[in-house]
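Here's the letter readout for the chains.
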Number of protein chains: 2
Amino acid sequence: MLEDTAQTLPIAKQNPLAVGGAAASAAASSLAVSTVIFALRPDEESHLKTLWLPLVRRTRDPHRDLWALPGGWLPAGEELAAAAGRTLRETTDLSPRYLEQLYTFGDIDRSPGLRVVSVVYWALVRSEVAERASVGDNVRWFAADQLPPLAFDHNRIVEYALWRLRTKVEYARIAHAFLGDTFTLAQLREVHEAVLQKALDPANFRRSIEASGNLISTDQHVAGARHRPARLYRYDDRANDHDPPGPAL
Amino acid sequence: MLEDTAQTLPIAKQNPLAVGGAAASAAASSLAVSTVIFALRPDEESHLKTLWLPLVRRTRDPHRDLWALPGGWLPAGEELAAAAGRTLRETTDLSPRYLEQLYTFGDIDRSPGLRVVSVVYWALVRSEVAERASVGDNVRWFAADQLPPLAFDHNRIVEYALWRLRTKVEYARIAHAFLGDTFTLAQLREVHEAVLQKALDPANFRRSIEASGNLISTDQHVAGARHRPARLYRYDDRANDHDPPGPAL
DNA sequence: TCAAAAGTGTTTGTCCTACACCCATGT
DNA sequence: ACATGGGTGTAGGACAAACACTTTTGA
């Protein structure tokens, strides 16, 4: 049901109605909402976790048969973020654990023919759930850094979303969005390492996370491994430092 | 010529054309571009420089006679940033020294009646030039932190733009946009102090700026004051650290 | 008892802050 | 001369990287 929503149908066309003043040359553009959805999945060979994202195959021109970001035209009665969340659910059967507006792309020539302005969101979903997520013929998960040529300017959009995710993980506490409600510090560190693509010192990672005061330690521990059981932590929802007094999330 | 462009004319209305699939409920929204324009002007009494921005008086409903951000409907053939720069010039007769996309505001109820999605940019213009900038009956400069109630959600937008400017000045080299081609470190520090609203140590400011390697020192000095002449610096255009590999500027 | 990861302690270096101090000019 | 801001030096604290070390489990 969703492949038709991926930037295929020009709904609003240029309005030739002449109105007075400087707005005479104004005309409507088609407004779309797309979402870059990130999940963490273990690589087939290396078993290291890497970033993956779902794409939808286009079934119409332009760019028929190319892969594209999930999205669609903005319905008149739907909020921007709600539209992003809806296409996310339609594509993956998942709910976003984190959702933020990324950027609005509106270059005149980014879509052949009709001028399309796309408000793009980026989202994080839980890794484990993403593994068994629905994947039809027209939806497939790709490794984020090994993408084929995508439709429109979507390669550039994913590049920017990746940059945003990687820079934001370093100062904002969003990595837990890839995990369950409780998690060990090793799991959280694994997420950071996968996103940043570099190893982190367990000792220093523990201290910096604890110092940021965003985690609540539970009394539960994870046994079963052949080493000392790790304590389970929970994310502290209160207090949103770093983030603006307006938008973002 | 510009007062009519400030979010008054609904060009594209909902398109009732029924099309198949999930896009059936899709409809066009009116797409506008607005700009938050910052300049640095000396306060009347305190003589300290503070942030000011130009607003336009609305001459139509909704929100007739309220002050609003400069902007207008996006013309079909104009790039987003170009539209922002154009409205800036139309409003102030100035050219933007810095221009960046801020956020896209699209709440359903942000404009009475028609659904309006606004792609908002923020810009910096030169202080001295802004002082003698054209100001008509329908354009007036306001102190950024003493705004009257504005039309639509524009108070919230300015709040966010202020937050963005203040956080970005701390790590990105944009303060020179308020100054001429050459400037002394004291002038640059004055800009930082005005934006951040706190005093900075001249010695440490000098070092941190020099360490960032964004300034080229000229051989010129500014004489005339009754102290040692200050060296003039020029901004180094090369190398854009901190900023994304895609958008932003 | 040993491997392995959890978790703690300590050293080292770097960066930022505060502030003492010298430099060069106009009055 | 001396006041004023330009410009340099430097000690102290905060913080992060690197790494040695102890703890607790399963095999």
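Residues numbered from 1 in each chain as written. Chains lettered and ligands numbered in written order. Predicted model: local features only at pLDDT ≥ 70, side-chain atom pairs only at ≥ 80, totals over all residues. Heavy atoms only, no water.

1. Digging into the overall build of chain A
If you tally the helices and strands in chain A, you get five helices and 10 strands. Every one of the 249 residues in chain A was classed for burial, and the buried ones make up 52%. Contacts in chain A between residues at least 24 apart in sequence constitute 65% of all its contacts with a sequence separation of at least 6. If you sum the accessible surface of chain A, you get close to 11,500 Å²; carbon and sulfur atoms cover 49% of it. (Helix = DSSP H or I, 4+ residues; strand = E, 2+ residues; numbered from the N terminus. Buried < 20%, exposed > 50% of the residue type's maximum accessible area, 1.4 Å probe, protein only. Contact = heavy atoms within 4.5 Å. Areas by Shrake-Rupley, 256 points an atom, 1.4 Å probe, with all protein chains shown as cover.)

2. What to know about the packing of aromatic side chains
Residues and elements named next belong to chain A. Counting across every chain of the model gives 10 aromatic pairs over all chains. Taken together, the ring pairs in this structure connect Tyr-103, Phe-105, Tyr-160 and Trp-163 into an aromatic cluster. Across from the ring centre of Trp-52, 5.4 Å away, lies the NZ or CZ of Arg-41, which sits over that ring. (Phe/Tyr/Trp six-rings, centres within 6.5 Å; stacked < 30°, edge-to-face > 60°. Lys NZ or Arg CZ within 6 Å of the ring centre and 35° of its normal.)

3. Considering the sheet that holds strand β8 (residues 182-183) of chain B
Residue and element names in this part refer to chain B. Spatial strand order, β8-β10-β9: three strands in an open sheet with antiparallel pairing. Bordering the open sheet on either side are β8 and β9 (215-222), each of which pairs with just one other strand. As paired elements, β9 and strand β10 (residues 230-235) share five bridges and run antiparallel to each other. Across the sheet, Ile-216 pairs through a bridge with Arg-234, a residue of β10. (Pairing = 2+ DSSP bridges.)

4. Notes on the protein's contact with DNA strand C
Close to DNA strand C lie 21 residues, the nearest being A:Arg206, A:Arg207, B:Asn204, B:Ala225 and B:Pro229. Sugar and phosphate atoms represent 61% of those atoms of DNA strand C found within 4 Å of the protein. The backbone of A:Arg231 places a nitrogen or oxygen atom 3.2 Å from a phosphate oxygen of DNA strand C. Contributions of two or more residues to the surface near DNA strand C are made by α4 (185-196), α5 (202-212) and β10 (230-235) of chain A together with α5 (202-212) of chain B. (Near = heavy atom within 4 Å. Polar contact = N/O pair within 3.5 Å; in protein donor to acceptor, adjacent residues only side chain to side chain.)

5. Structural notes on the domain arrangement of chain A
Residues and elements named next belong to chain A. Each assigned domain of chain A is listed here: domain 1 (3-171) and domain 2 (175-249). Listed by partner, the interface residues are 21 residues for domain 1 and 18 residues for domain 2. Both faces combined, the contact of domain 1 with domain 2 buries some 1,700 Å², and carbon together with sulfur accounts for 60% of it. Taken together, the links from domain 1 to domain 2 amount to one salt bridge. For Arg-97, the salt bridge goes to Asp-181, with nearest N and O atoms at 3.8 Å. Applying the counting rule to domain 1 against domain 2 returns five residue pairs in polar contact (both at pLDDT 80 or more). (Domains from an automatic or database assignment. Buried area = accessible area lost by both parts, 1.4 Å probe. Salt bridge = Lys/Arg side-chain N within 4 Å of Asp/Glu carboxyl O.)

6. Regarding the protein's contact with DNA strand D
Neighbouring residues of DNA strand D: 20 residues in total, closest A:Asn204, A:Arg226, B:Ala186, B:Arg206 and B:His227. A breakdown of the atoms of DNA strand D within 4 Å of the protein gives sugar and phosphate a share of 56%. Listed by contribution, the elements that provide at least two residues to the surface near DNA strand D are α5 of chain A together with α4 (185-196), α5 and β10 of chain B.

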